[in-house]
Amino acid sequence: MIDTKPYIEKISAAKTVTELGNITQELFGRKNGVITLAMRELKSLPDKDKKSHAKSLNTAKAELNTAIDEKKAELTGASGDTLKNTDNIDVTLNLPQEERGHLHLIPSFIEKVEEVFGRMGFDTASGPEIENEELNFDLLNFPKDHAARDAQDVFFIESDAPEDNKLLLRAHTSPVQIRYMREHKPPFRAIFPGKVYRKDADATHSPMFHQFEGLMIGKDITLANMKAVMTTAIRELVSEDVEFRFRTAYFPFVEPGLELDMRWRGEDESSREGKWMEVVGCGMTHPNVLRNVNIDPEIWQGFAFGFGVERMLMIKHQITDLRLFFQNDLRFLRQF
Ligand code: DAH
């Protein structure tokens, strides 16, 4: 005969499903379960005892199974009244909001740039931040004595590179145009976002900042296409009603060359007009640049532009000092 009492107590004291599983195993395990063994022993009992033993064993079995099932339902919260039976979870309690990290506003803006230009059919590509003079200047049609090559403006890198083709931290994303045109056959359109480096530091300049270059080459691409693409991008990326103007300018790798300024009110809140801030250089790709990458300028033409990312963000969010982007002050970064 089996005394079920100690087992019933054990079952009701079980705190976890695993613990309950162990007790079940102890009782009903295929090899050594207490009940299993007792059932097996029935066979060897004298006939007169068999019936009564079988009956009481079946009663014990049923009792234990019920206790196990009830406990299981209690432990897994499957008994209907979930709230009462789970571990005292108060679903009405107001917990402090979980703090979540998010992308810094520059990479998150660049994701948006890729999306907006992606919708206009532009590919995205990148190039290295360490370039040489040939890619940063020569192939972009800069004359050897151009002022932009000055060591006062550019970070040159000491190396074994030849004196007339020194290594440097790229001063703009324009060298990626050359890399892209060497690897692709026109027609194409692509943007090249990334970091650039110049020896400048004040409220609107940082020695490291971000640009994205754009390039579109085809058989009949004109300045009108350039204006349409840039206007669409500015309206989507900065705002619908930002004021901007195109102005003629000179860059060796475009002809004609232009600059685009946007109205910026960040610096002086009291001035309603604000002032014009230069944000983009652009123009029609110079025939010499196309020749440098073996593209025939008699057949192909197109435009290029280089946007300053931080400046766009300053205008978009009325930020007064560009250096704030890189000081990692969470009170500033959390706002975006
Ligand atoms: N690379 C120029 C700069 O950093 C910006 C620029 C001007 C890019 C004209 C262009 C362009 O693609 O066509 O100042």
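Here is what the cut-offs are and how they apply
- Residues numbered from 1 in each chain as written.
- Predicted model: local features only at pLDDT ≥ 70, side-chain atom pairs only at ≥ 80, totals over all residues.
- Heavy atoms only, no water.
- Helix = DSSP H or I, 4+ residues; strand = E, 2+ residues; numbered from the N terminus.
- Rg over C-alpha atoms; globule rule 2.2 N^0.38 Å.
- Buried < 20%, exposed > 50% of the residue type's maximum accessible area, 1.4 Å probe, protein only.
- Contact = heavy atoms within 4.5 Å.
- Areas by Shrake-Rupley, 256 points an atom, 1.4 Å probe, with all protein chains shown as cover.
- Near = heavy atom within 4 Å.
- Polar contact = N/O pair within 3.5 Å; in protein donor to acceptor, adjacent residues only side chain to side chain.
- Nonpolar A, V, L, I, M, F, W, Y, C, P; charged D, E, K, R; others polar.
- Phe/Tyr/Trp six-rings, centres within 6.5 Å; stacked < 30°, edge-to-face > 60°.
- Pairing = 2+ DSSP bridges.
- Core = buried A, V, L, I, M, F, W, Y, C linked by side-chain atoms within 4.5 Å.
- Domains from an automatic or database assignment.
- Arc of directions from axis to C-beta.

A. Geometry of the overall build of the protein. Regarding its fold elements, the protein presents 12 helices and 10 strands. The C-alpha radius of gyration of the protein comes to 37 Å, more than 25% above the 20 Å expected for a compact globule of 336 residues. With the C-alpha coordinates of the protein rotated into their principal frame, the extents come out at 115 × 50 × 45 Å. Looking at the protein as a whole, 39% of its 336 residues qualify as buried. Sequence separation of at least 24 residues holds for 63% of the intrachain contacts in the protein that already meet a minimum separation of 6. Approximately 19600 Å² of the protein is accessible, and the part contributed by carbon and sulfur atoms is 50%.

B. Just the site of the ligand, in detail. As a matter of local geometry, the ligand sits amid 15 residues, with His-172, Ser-174, Arg-198, Gln-211 and Glu-213 nearest to it. At a separation of 2.6 Å, an oxygen atom of the ligand approaches a polar side-chain atom of Glu-213. Protein chains bury 92% of the 360 Å² of accessible surface belonging to the ligand in isolation. Those elements that place two or more of their residues in the shell around the ligand are β6 (208–218), β9 (275–285) and β10 (301–308). Across the shell around the ligand, the residue classes break down as six nonpolar, seven polar and two charged.

C. Looking closely at the packing of aromatic side chains. For the structure shown, the criterion picks out 15 aromatic pairs. With centroids separated by 5.7 Å and ring planes inclined at 65°, the aromatic side chains of Phe-117 and Phe-212 adopt a geometry described as edge-to-face. Of the two residues, Phe-117 is situated in helix α6 (residues 105–119) and Phe-212 in strand β6; the sequence distance between them amounts to 95 residues. The burial state of Phe-117 is the same as that of Phe-212; both residues are buried. Judged by centre distance (5.2 Å) and plane angle (65°), the rings of Phe-332 and Phe-336 are edge-to-face. The exposure class of Phe-332 is buried, given its relative accessible area of 9%. The exposure class of Phe-336 is partly exposed, given its relative accessible area of 28%. An aromatic cluster of three or more residues is present, and its members are Phe-117, Phe-122, Phe-212, Phe-303, Phe-305 and Phe-307.

D. Just the environment of His-102, in detail. Summarising the element assignment, His-102 is placed in the loop between α5 (82–85) and α6. Linking His-102 and Phe-336, residues 234 residues apart in sequence, is a C-alpha distance of 9.1 Å. With sequence-adjacent residues up to four places away left out, His-102 is seen in contact with Leu-333, Arg-334 and Phe-336. There is a polar contact of 3.2 Å between the side chain of His-102 and the backbone oxygen of Phe-336.

E. Highlighting the sheet that holds strand β4 (residues 167–169). In space, the three strands of this open sheet follow the order β2-β4-β3, with antiparallel pairing throughout. Each edge of the open sheet carries a strand with a single partner, namely β2 (130–132) and β3 (156–157). Here three bridges tie β2 to β4, and the two strands are oriented antiparallel to one another. Considered in β4, the bridge of Ile-130 is made with Leu-169.

F. Local environment of the nonpolar core. Grouped together as the largest cluster of nonpolar side chains are 44 residues, with contacts concentrated most on Phe-117, Phe-212, Leu-237, Met-262, Phe-305, Met-312 and Phe-325. At seven residues, α6 tops the list of elements feeding residues into this core. Residues in contact with Met-262, not counting those within four places in the same chain, are Ile-234, Val-238, Val-242, Glu-243, Phe-244, Lys-275, Trp-276, Met-277, Val-279, Met-312 and Ile-315. Phe-137, Phe-142, Phe-253 and Val-293 belong to the second largest nonpolar core, which has 25 residues in total.

G. The domain arrangement of the protein, seen in detail. Domain assignment breaks the protein into domain 1 (5–76) and domain 2 (105–333). Spacing between the C-alpha centres of domain 1 and domain 2 amounts to 79 Å.

H. Spotlight on unusual backbone geometry. Residue Pro-187 is reached from Pro-186 by a cis peptide bond, and omega for that bond is 5°. Locating Pro-187 in the fold gives a position in the loop between α8 (175–183) and β5 (188–197). The phi dihedral of Gln-318 falls on the positive side, at around 50°, and the residue is not glycine. Backbone geometry places Asn-328, a non-glycine residue, at a positive phi of 55°. Along the chain, Asn-328 falls in the loop between α11 (309–317) and α12 (330–333). Exposure remark for Asn-328: the relative accessible area of 53% places this residue in the exposed category.

I. Spatial organisation of helix α3 (residues 34–42). Turning to α3, its buried residues number three or more, namely Ile-35, Thr-36, Ala-38 and Leu-42. The buried residues of α3 occupy an angular sector of 165° when the element is viewed end-on, so they sit on one face. Each element contacted by the buried residues of α3 is listed here: α2 (17–28) and α4 (47–76).

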